[in-house]
Amino acid sequence: MRRTTLVLSTLLAATAIGCTPSPTAQLEANKDLVRRFTEALNAADWDALDALLTEDFIRYSQATAGPQVNSREEFIQLQESFLGIAELWVEWDNVAMLTQLGLFPPPSG
C-alpha cells in the first residue's frame, strides 16, 4: 500500500511538472503580451487594449505617481487624454521652433 502511494505520488508530481510551461515558453508569451500591448497603445487601438486588459486592471507607475487608475475603462480614458495632450505638445513645439527660426512672430506681451 505504501509503495503504491509513493508510485502514485511520484506519477502525479511528474505529470504536474510536465504540464507547466517551460520558462522559455512563458518568457515568449510575456514578450508577446507586451508587444501587443505596446502596439495597441501606439495605434490608439482601444478595442485591442480592451481585449488585453482585465476589467479590474490597476495601473502602477514608478515614473508618475498619478493619476490613480483602478479599472480598464479608466486606463483607456487616460490613454485617450494623453493622445490629445501629445498633439498639443507637438503643435506647441512646432510653433516654438518656427519662432526661433524667425519664421513665426514671437508672442507679444
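On a predicted model such as this, the values are computed, not experimentally measured, just so you know.

### Quick notes on the overall build of the chain
Part 1: A tally of regular secondary structure across the chain gives four helices and zero strands.
Part 2: Order of helices (α) and strands (β) in the chain, N terminus to C terminus: α-α-α-α.
Part 3: Residues classed as buried in the chain amount to 11% of the 109 residues present.
Part 4: Counted over contacts in the chain with a minimum sequence separation of 6, partners at least 24 positions apart contribute 21%.
Part 5: Within the structure as shown, the chain displays about 9000 Å² of accessible surface, and the carbon and sulfur contribution to it stands at 62%.

### Some points on the pattern of salt bridges
Part 1: Counting across every chain of the model gives three salt bridges.
Part 2: The closest approach of N and O atoms between D32 and R36, which form a salt bridge, is 3.2 Å. Taken together, the residues span about one helical turn, with D32 and R36 both in helix α2 (residues 23-42) at a distance of four residues.
Part 3: Residue R72 is joined to D50 by a salt bridge in which the shortest nitrogen-to-oxygen separation is 3.0 Å.

### A look at the confidence of the model for the chain
Part 1: A residue-level look at the chain finds 56% of positions with pLDDT of 70 or above and a mean pLDDT of 75.
Part 2: When the elements of the chain are averaged for pLDDT, helix α1 (residues 2-19) gives the smallest value, 57, and helix α3 (residues 46-52) the largest, 94.

### A word on the packing of aromatic side chains
Part 1: Under the definition given, this model contains two aromatic pairs.
Part 2: Relative to F75, the ring of F37 has its centre 5.9 Å away and its plane inclined at 25 degrees; by these criteria the two rings are stacked. Taken as a pair, F37 in helix α2 and F75 in helix α4 (residues 72-100) lie far apart in primary sequence, 38 residues in all.

### Examining the side chain of R72
Part 1: Relative to the helices and strands, R72 is located in helix α4.
Part 2: When its relative accessible area of 19% is taken as the criterion, R72 is described as buried.
Part 3: Among the polar contacts made by the side chain of R72, one reaches the side chain of D50 at a distance of 3.0 Å.
Part 4: Excluding anything up to four places from it in sequence, R72 contacts L49, D50, L53, T54, E55 and F57.

### A closer look at the nonpolar core
Most often, soluble globular proteins keep nonpolar side chains buried together rather than apart.
Part 1: A40, L49, L53, F57, V69, F75, I76 and L78 form the largest nonpolar core, which has eight residues in total.
Part 2: Residues within four places of F75 in sequence aside, it is in contact with F37, L41, L49, L53, F57, R59 and V69.

### Some thoughts on the environment of A40
Part 1: Residue position: A40 is located in helix α2.
Part 2: On the basis of relative accessibility, which here comes to 3%, the residue A40 falls in the buried class.
Part 3: Distance from A40 to D50, taken between C-alpha atoms, is 9.5 Å for residues ten residues apart in sequence.
Part 4: With sequence-adjacent residues up to four places away left out, A40 is seen in contact with D45, A48, L49 and L52.

Conventions used here
Residues numbered from 1 in each chain as written. Predicted model: local features only at pLDDT ≥ 70, side-chain atom pairs only at ≥ 80, totals over all residues. Heavy atoms only, no water. Helix = DSSP H or I, 4+ residues; strand = E, 2+ residues; numbered from the N terminus. Buried < 20%, exposed > 50% of the residue type's maximum accessible area, 1.4 Å probe, protein only. Contact = heavy atoms within 4.5 Å. Areas by Shrake-Rupley, 256 points an atom, 1.4 Å probe, with all protein chains shown as cover. Salt bridge = Lys/Arg side-chain N within 4 Å of Asp/Glu carboxyl O. pLDDT = per-residue confidence, 0-100. Phe/Tyr/Trp six-rings, centres within 6.5 Å; stacked < 30°, edge-to-face > 60°. Polar contact = N/O pair within 3.5 Å; in protein donor to acceptor, adjacent residues only side chain to side chain. Core = buried A, V, L, I, M, F, W, Y, C linked by side-chain atoms within 4.5 Å.

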